[in-house]
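# Tertiary structure, described
What follows is the residue order along each chain.
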Amino acid sequence: MKSFSLKRMMQFSKLQLNELFLNKTAAEAIKLLLLHSFSITFISLAMKRNGGIKECISLIELLLLLYSYYFPFLNLFSDLVTKKGLLNKISVPATLSEKQASLYYSTLLMGTMILIPSIIISNIILQAAIPFVFGDEVNGLHLIFGGGGKGIKMNLIAAILILYLIILTPLALLYRKYKKVYFWSMFIAFILSYMLSIIFMYGLITKITLVLVTVFWSIFAVITANKGLRKVELE
Amino acid sequence: MVELKNVSFGYNPNKNVIEDLSLNLEEGRFYGLLGKNGTGKTTLMKIISGILFAKEGYVNIYGNNPGDRKLETLQEIFMMPADFTFPKMSLEKYVSLYSSFYPKFNKDILDDCLDNFEINKNIKSIDKLSLGEKHKIAVSLAISFGTKLILFDEAANGMDIPTRKMFRKMLMKHIREDQTVVLSTHVVQDIENLLTDIIVLRKGQKTFISSLDDIRSKYSFGIQSNEEGAIYSEPCAEGYRVICNNTNNDDTEISLELLFNALTKEGGIL
């Protein structure tokens, strides 16, 4: 029997997405998207008003990326490892590799489905709020993910932050499944690796080094998370 | 074949719920898993289905350890828990999402079960159903998925008397010769006419496992005016309900309730 089937992975993804997200009515989904976009935009405007429009947009971009991808991931992951429903997801007939791959695939899909409308809504809110928040200091169109922020470098760092959170979360939530020394070595290595993105921001290392380290740790963390998931018991 | 050998499990490291349990479950048989509250019925089912891992001992389900959660093992086990919720979606959608994972799923069996349980197949939100209706759907799914091992944990909870009868009827009608069914309950009347074997979990005593045929050949059950010759008795309106050694090869009807009381009484007489 195949240990990895793309068809089964997609079926598992469909199962989780339907149970957790796609069973909402259009009105409920719009309400959630509005709440998501409003809260992020207003918090960013309130926090970074004195830093200028670029700072504000940059923070909105970071938070939009973070909340759009990380919260679906948390939902999907906890659904996988908790006792829930008639059939626990861990007992659904699919291999663990398929379930894990589905977790990342569903996160990417759902995150993007949340992110795109959120960018549009947040842009509308921001344009409407600029005259009230910044007055005459700011003129013209300043777009979220349209060059209004601090640029691609900041977005890359935000994306790496989310990737690190996504790959660290299973390790943190399953920490009891690992030997203490192993877990803490992994944790410290990750924190140090994340520091690289900050060093990169100041131009001390190249983009290639940052990407290589990130890819290495991502693969290592995915394998480690798989080992942890194999030991999950639903008590 | 399902085999457990010297299995122990405890939620607390110093106290085992299940201690040194060994049993074999054969194909084509209906096992009644009985025991007072807290004797580990649900825990045992979770170990068999790979949700929990035995702390000691060996569990083998059709050649694999269920804790490894191999695809071929997961496709052959279905455990219906006592408490569960349904997500907010239609019955049709729910069935289409889950049934695709079970290669032996049979839509005709599902339709027959749902029809007999008088469940409308066009339910829009299964999360809003009553406990009894949810159990009817879960039982129908459990039977129709076609797994070789089906574990029912207090499946009759929330079902009224006619539904319990229908539950028995659906099991008798649709369970194949190569399937094994384990039904846990603390209300023995639910399943009396269905079982071929019983497993009684007892606190601090060895687990009792026997086929009902063996019990019938060894013991006779009846009502007497006195306790003479009884290895276990309980007073009742007519005198005493008794269990005696079946020396005359009588073919008496087993009273599971009486047998259960005899087995779970302090000191356990059998």
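Coordinates for the structure precede this section.
Computed from a prediction, not measured in an experiment: that's the story for all the values here. (Residues numbered from 1 in each chain as written. Chains lettered and ligands numbered in written order. Predicted model: local features only at pLDDT ≥ 70, side-chain atom pairs only at ≥ 80, totals over all residues. Heavy atoms only, no water.)

### Here we look at the overall build of chain A
Within chain A one finds 7 helices and 0 strands. Reading chain A from its N end, one meets helices and strands in the order α-α-α-α-α-α-α. Scored against the burial criterion, the 235 residues of chain A give a buried share of 50%. As presented, chain A carries roughly 11900 Å² of accessible surface, and 71% of it is formed by carbon and sulfur atoms. Put simply, chain A has 23 plus and 10 minus side-chain charges, and the middle of one group is 10 Å from the middle of the other. (Helix = DSSP H or I, 4+ residues; strand = E, 2+ residues; numbered from the N terminus. Buried < 20%, exposed > 50% of the residue type's maximum accessible area, 1.4 Å probe, protein only. Areas by Shrake-Rupley, 256 points an atom, 1.4 Å probe, with all protein chains shown as cover. Lys, Arg positive; Asp, Glu negative; His and termini not counted. Charge placed at Lys NZ, Arg CZ, Asp CG, Glu CD.)

### Here's the deal with the overall build of chain B
Counting its secondary structure elements, chain B contains 8 helices and 12 strands. A globule of 270 residues ought to have a C-alpha radius of gyration of about 18 Å, and chain B, at 20 Å, matches this closely. Along the first, second and third principal axes, the C-alpha atoms of chain B reach 60 × 40 × 30 Å. Buried positions account for 56% of the 270 residues belonging to chain B. (Rg over C-alpha atoms; globule rule 2.2 N^0.38 Å.)

### Considering the pattern of salt bridges
Here the structure, examined in full by the defined rule, presents 15 salt bridges over all chains. In this structure, Asp 79 of chain A engages Lys 89 of chain A in a salt bridge whose closest nitrogen and oxygen atoms are separated by 3.5 Å. Of the two residues, Asp 79 of chain A is situated in helix α3 (residues 53–81) and Lys 89 of chain A in the loop between α3 and α4 (96–134); the sequence distance between them amounts to 10 residues. When its relative accessible area of 2% is taken as the criterion, Lys 89 of chain A is described as buried. With a shortest N-O distance of 3.6 Å, Glu 27 of chain B and Lys 148 of chain B are connected by a salt bridge. Note that Glu 27 of chain B is positioned in the loop between β2 (18–25) and β3 (30–35) and Lys 148 of chain B in the loop between α5 (131–144) and β6 (149–153), a separation of 121 residues in sequence. (Salt bridge = Lys/Arg side-chain N within 4 Å of Asp/Glu carboxyl O.)

### Looking at the sheet that holds β3 of chain B
All names here are of chain B. Spatially, β5-β6-β7-β3-β8-β9 is the arrangement adopted by the 6 strands of the open sheet, whose pairing is mixed. The sheet is open, and its two borders are formed by β5 (77–80) and β9 (208–211), each paired with just one other strand. When strand polarity is set aside, the average angle formed by the axes of neighbouring strands in this sheet is 15°. Pairing of β5 with β6 involves 4 bridges; the strand directions are parallel. (Pairing = 2+ DSSP bridges. Axes fitted to C-alpha atoms, helices over the stretch in contact; angles between N-to-C directions.)

### Focus: the interface of chain B and chain A
Opposite the 32 residues of chain B that make contact, chain A presents 31 residues. Three residues stand out in chain B for area buried against chain A, namely Leu 71, Tyr 98 and Phe 101 of chain B, and they jointly supply 25% of the buried area on that side. Run the count over chain B and chain A and you get 2 salt bridges. For Glu 233 of chain A, the salt bridge is made with Lys 55 of chain B, and the minimal N-O distance between the two is 3.8 Å. At the boundary of chain B and chain A, one finds 8 residue pairs in polar contact (both at pLDDT 80 or more). Of all the elements in the fold, those that place two or more residues in the side of chain B that touches chain A are α2 (71–74), β5, α3 (91–99) and α5 of chain B. If one sorts the elements of the side of chain B that touches chain A by residue count, α3 of chain B sits on top with 4 residues. Class assignment for the residues of the side of chain B that touches chain A results in 22 nonpolar, 4 polar and 6 charged. (Contact = heavy atoms within 4.5 Å. Buried area = accessible area lost by both parts, 1.4 Å probe. Polar contact = N/O pair within 3.5 Å; in protein donor to acceptor, adjacent residues only side chain to side chain. Nonpolar A, V, L, I, M, F, W, Y, C, P; charged D, E, K, R; others polar.)

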